[in-house]
Amino acid sequence: MKKPKSGGGWFAVAYSLRKAREAGGFWKFWKAMRSKNACKTCALGMGGQRGGMVNELGHFPEVCKKSMQAMVADMQGAIRSEFWTKFGPRHLQQLSPRELEHCGRLVEPVLYMAESGKYTPVSWDDALDRIATKLAAVTPDETFWYFSGRSSNEAGFLLQVFARLYGTNNVNNCSYYCHQASGVGLTTITGSGTATVELRDIDRADLVFVIGGNPASNHPRLMRSLMDLRRRGGEVIVINPLVETGLVNFSVPSDVRSLLFGSKIASLYVQPHIGGDLALLTGIAKRLVENHQHDEQFIAQHASGWNELNAQLDSTTWEEITAKCGCTLPEIDAITERYARAKNVVFSWTMGITHHAHGVLNVQAIGNLAILRGMIGRPGAGLMPIRGHSNVQGIGSVGVTPKLKDAIFERLQSHFGVQLPTTAGRDTMACMTGANQGELRVGLCLGGNLYGSNPDATFAKQAISQLDQLTYLSTTLNTGHAHGLAKETIILPVLARDEEPSATTQESMFNYVRLSDGGPRRHEGPRSEVEVIADLAERVRTKQAERNASPQLAAIDWRSMRDTGAIRQAIAKVIPGFEAIGEIDRTKQEFQITGRVFHDYHFPTPDGRVNLHAHTLPELAGTASDEIRVMTIRSEGQFNTVVYEDYDLYRGIDARDVILLHSDDCARLGVQPEERITIVGPAGKMFGIRVVAFPDIRPGNAAMYYPECNVLVSRELDPSSKTPAFKCVVCKVEK
Ligand SMILES: Nc1nc2c(c(=O)[nH]1)N[C@H]1C(S)=C(S)[C@@H](COP(=O)(O)OP(=O)(O)OC[C@H]3O[C@@H](n4cnc5c(=O)[nH]c(N)nc54)[C@H](O)[C@@H]3O)O[C@H]1N2
Ligand SMILES: Nc1nc2c(c(=O)[nH]1)N[C@H]1C(S)=C(S)[C@@H](COP(=O)(O)OP(=O)(O)OC[C@H]3O[C@@H](n4cnc5c(=O)[nH]c(N)nc54)[C@H](O)[C@@H]3O)O[C@H]1N2
Ligand SMILES: [Mo]
């Protein structure tokens, strides 16, 4: 497969037309894409009350391939009852993620029992009663509640409140495998866990850093902002071990000049080793200070930790820095020069930064750089984690975390007049470990693919199989439904957000809350997420009452909570910064959450100052002569564990069972391009993997596709954010 010269462009346009055909015609598809609902894919966010394909500044059309893929997937036909008699989990296990997704929409509850070995359709009443019976029979801390980031604020809020009143804090979301290191890191820097900027700030910046991410594929809407920045003479510095086509050149489909001629994106592209960012960022900071290009006044007035950082930079040698990042001093100088020259700088990053055993330190090192030049606390500059799922940030905001923020805890207690549990809740991996050890017995997943997203797939399968019962609220089939089977597994089909009978809200990565109108259902059968949650809570309450157990659930009239408007009233009272959501049904006014974007020098840290952090540099992993560092990444044609296409367009790769290796490493490891080899990772092996000679990756480093390669990845976590090191899997090869 030949690699295109730029990302986006005619490929994207041709693709839209093909997708429209699959969806049953252009107008039908257009109407769906233009409906007043927040986009279903990434958290950059578009759609909502201004209509689909519009961003928060009103720009139209903003659209990307994956939002179309997600839409077409939801517009599929239904999986009929006969399917379940013909195909059991054993058949489903033979299917690829792509084939599973294309089986169609889930429209009836199904129940799997280990003894029968198959899924059988059951009534809603039956399914919900089984779950409620089980929940009432175990102690609350024997259960866990996993949330993906696609569901609405209303569903997220309602389910976490249900779990707490039921009696457990084992509540967590996919962010533990995603941006948790950003949230934890940012909180140590500014006192707030989210982006310090809004979309408008990028339009005022004259330099944007894109560190450890591939927004050309994963957040294509950001590419217009980067193109505009280059057009007004600004710069984009990319830090990434792999040269991504679309970060070099991108054709923004909605811009004629860009579509015809392409737009240059990176003005400087630097390739550190995988895991070398901390050393590189430290090097830039050291150079900046050596050159006296830091902002002494800002640091003195608004930052803490300068003396410790200064001493640490001083004692860290250039030999150590260059060896551990793999970049040369001239490269570090080139970045420093550009940074020192720029007036307004936005630092953006994604999984190349967070998916490491030192993910939080990486984020802090980005914070250091920003603070050294006073790039936090004013318009046009700041920190911007580019989030994953369309509502992953909202899910976190409304309390889907093991430990609630103090303010939310207190307001929940006083608003509902309840007593919340105070036991320590488990993060996602702690739930998996607990399941494996038999400490957890029942789980409920609001969307997502808990099995597929986990490192060490063999362990994940084993751990889930120990559970007495696991329930998935899903829209389509994924590998979790095939491999992530508890003794009793229930799938409940739910509506996508543009099929909801009443409005829902979502929060973008810019802390902007959008209102989705919902829309007509596409199939009979699936239910609204909030309806399912409210119904289940009411059943558990009744069963608990029969046994005179925990009165907490009785504090809420769960039937009234089927109405998302009623849930919003509670969110307005309980979640700080969300007051405006109480009026949104009347005003339709979407809003910026208060207290998060920093356009002045007031920070919610105890001393009101931003914090610098001094780090010693961890060893570079995987440096032995027979080792290779492997990053596990997404292709253009997938959304997380859901694979839409087996080829990777922009990297020019035609299959997924491959390892992308530099020719230097082919020679060093004694393998030939196109040869099939075994990859030996810390958690397992993959056989028959084809070697693809890939000149665009920094030698010493390789890439493979997630989720398939999760059999290789170890369960090692970043100690402070509990995020796995998905991007640094030290592997060996066997013939
Ligand atoms: N099309 C599409 N869009 C998506 C998704 C999807 O699956 N498909 N998923 C969504 C979600 S949940 C998320 S979290 C985001 C993910 O968005 P990204 O983080 O962009 O996705 P990854 O494929 O994980 O990519 C990691 C990038 O980091 C680089 N990288 C790997 N290791 C390192 C390192 O050590 N240092 C540096 N500097 N770079 C490194 C890789 O070369 C690659 O370019 O995208 C969201 N949007
Ligand atoms: N090796 C490796 N592992 C990784 C990563 C990596 O880069 N490398 N990335 C990690 C990251 S960043 C993330 S975010 C996780 C992904 O973790 P998850 O969020 O758990 O997984 P997804 O694949 O996004 O979940 C997709 C499923 O969600 C369901 N779904 C879709 N829309 C809806 C909806 O509206 N409501 C409900 N209830 N369900 C819906 C569908 O059934 C679909 O199959 O994986 C992580 N795992
Ligand atoms: Mo993610």
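Reading the values: the criteria
- Residues numbered from 1 in each chain as written.
- Chains lettered and ligands numbered in written order.
- Predicted model: local features only at pLDDT ≥ 70, side-chain atom pairs only at ≥ 80, totals over all residues.
- Heavy atoms only, no water.
- 1 Å grid on protein atoms, 1.4 Å probe; cavity = no way out; pocket = protein on both sides within 12 Å on 5 of 7 lines; lining within 4 Å.
- Points joined across faces, edges and corners; volume = space filled by probe spheres on them.
- Helix = DSSP H or I, 4+ residues; strand = E, 2+ residues; numbered from the N terminus.
- Pairing = 2+ DSSP bridges.
- Axes fitted to C-alpha atoms, helices over the stretch in contact; angles between N-to-C directions.
- Near = heavy atom within 4 Å.
- Polar contact = N/O pair within 3.5 Å; in protein donor to acceptor, adjacent residues only side chain to side chain.
- Areas by Shrake-Rupley, 256 points an atom, 1.4 Å probe, with all protein chains shown as cover.
- Nonpolar A, V, L, I, M, F, W, Y, C, P; charged D, E, K, R; others polar.
- Domains from an automatic or database assignment.
- Buried < 20%, exposed > 50% of the residue type's maximum accessible area, 1.4 Å probe, protein only.
- Contact = heavy atoms within 4.5 Å.
- Buried area = accessible area lost by both parts, 1.4 Å probe.
- Salt bridge = Lys/Arg side-chain N within 4 Å of Asp/Glu carboxyl O.

### Observations concerning empty space enclosed by the protein
Point 1. A full pass over the atoms with the stated rule returns six cavities of 30 Å³ or more.
Point 2. One number sums up the size of the second largest cavity: a volume of about 140 Å³.
Point 3. Looking at the second largest cavity, it is lined by 14 residues, and the ones nearest its centre are Met 33, Asn 37, Ala 38, Cys 39 and Met 71.
Point 4. Listing elements by their share of the lining of the second largest cavity, those giving two or more residues are helix H2 (26–34) and helix H3 (65–74).

### Section: the sheet that holds strand S4 (residues 143–147)
Point 1. The strand order S3-S2-S16-S15-S14-S4-S5 describes an open sheet built from seven strands, whose pairing is mixed. Only two strands of the sheet have a single neighbouring strand rather than two, namely strand S3 (118–121) and strand S5 (171–173). On average, each strand axis in the sheet is inclined to that of its neighbour by 20 degrees, with strand direction left out of account.
Point 2. Across six bridges, strand S15 (residues 469–474) lies against strand S16 (residues 488–493) in parallel orientation. Across the sheet, residue Ser 474 finds its bridge partner in S16, namely Pro 493.

### Some words on the site of ligand 2
Point 1. In the vicinity of ligand 2 there are 30 residues, among which Tyr 146, Glu 529, Thr 641, Tyr 706 and Asn 710 approach most closely.
Point 2. Glu 529 is positioned with one of its side-chain polar atoms (N or O) 2.7 Å from a nitrogen atom of ligand 2.
Point 3. Look at ligand 2: alone it shows 930 Å² of surface, and the protein chains cover 98% of it.
Point 4. Across the shell around ligand 2, the residue classes tally to 10 nonpolar, 16 polar and four charged.
Point 5. Lining the shell around ligand 2 are residues from two domains, each supplying at least three of them: domain 1 (108–178 + 391–592) and domain 3 (628–734).

### Some points on the sheet that holds strand S8 (residues 249–251)
Within a sheet, each strand pairs with its neighbour through backbone hydrogen bonds, oriented either parallel or antiparallel.
Point 1. Across the sheet, which stays open at both edges, the three strands sit in the order S1-S8-S9 with mixed pairing between neighbours. This sheet does not close on itself; its edge strands, each paired only once, are strand S1 (7–8) and strand S9 (263–264).
Point 2. Looking at chain direction, S1 and S8 are connected through two bridges and run parallel. Looking across to S8, one finds that Gly 8 is bridged to Ser 251.

### Things to note about the pairing of strand S18 (residues 512–516)
Point 1. Among the five residues in S18, five count as buried, and that is most of the element.
Point 2. With burial as the criterion, each face of S18 is covered, one bearing Tyr 512, Arg 514 and Ser 516 and the other bearing Val 513 and Leu 515.
Point 3. Counted between consecutive antiparallel strands, the loop separating strand S17 (residues 504–507) from S18 contains four residues, among which Asn 511 sits at a positive phi close to 60 degrees.
Point 4. Note that S18 and strand S19 (residues 591–592) share two bridges and pair antiparallel.

### Considerations on the domain arrangement of the chain
It is common to give the size of an interface as the accessible area lost on bringing the parts into contact.
Point 1. When its domains are assigned, the chain resolves into domain 1 (108–178 + 391–592), domain 2 (180–386) and domain 3 (628–734).
Point 2. For domain 1 and domain 3, the distance between their C-alpha centres works out to 33 Å.
Point 3. At the junction of the two partners, domain 1 supplies 15 residues and domain 3 supplies 17 residues.
Point 4. Interface of domain 1 and domain 3: buried area, both sides summed, is about 1,300 Å²; carbon and sulfur atoms make up 58% of it.
Point 5. Interface area lost by domain 1 to domain 3 is led by Tyr 176, Pro 455 and Asp 456, which between them contribute 31%.
Point 6. Between Asp 456 and Arg 715 there is a salt bridge, and its shortest N-O distance comes to 3.1 Å.
Point 7. Counting only elements with at least two residues in the side of domain 1 that touches domain 3, the list comes to helix H25 (450–453) and helix H26 (457–465).
Point 8. Sorting elements by how many residues they give to the side of domain 1 that touches domain 3 places H26 first, with three residues.
Point 9. Partitioned by chemical class, the residues of the side of domain 1 that touches domain 3 number seven nonpolar, five polar and three charged.

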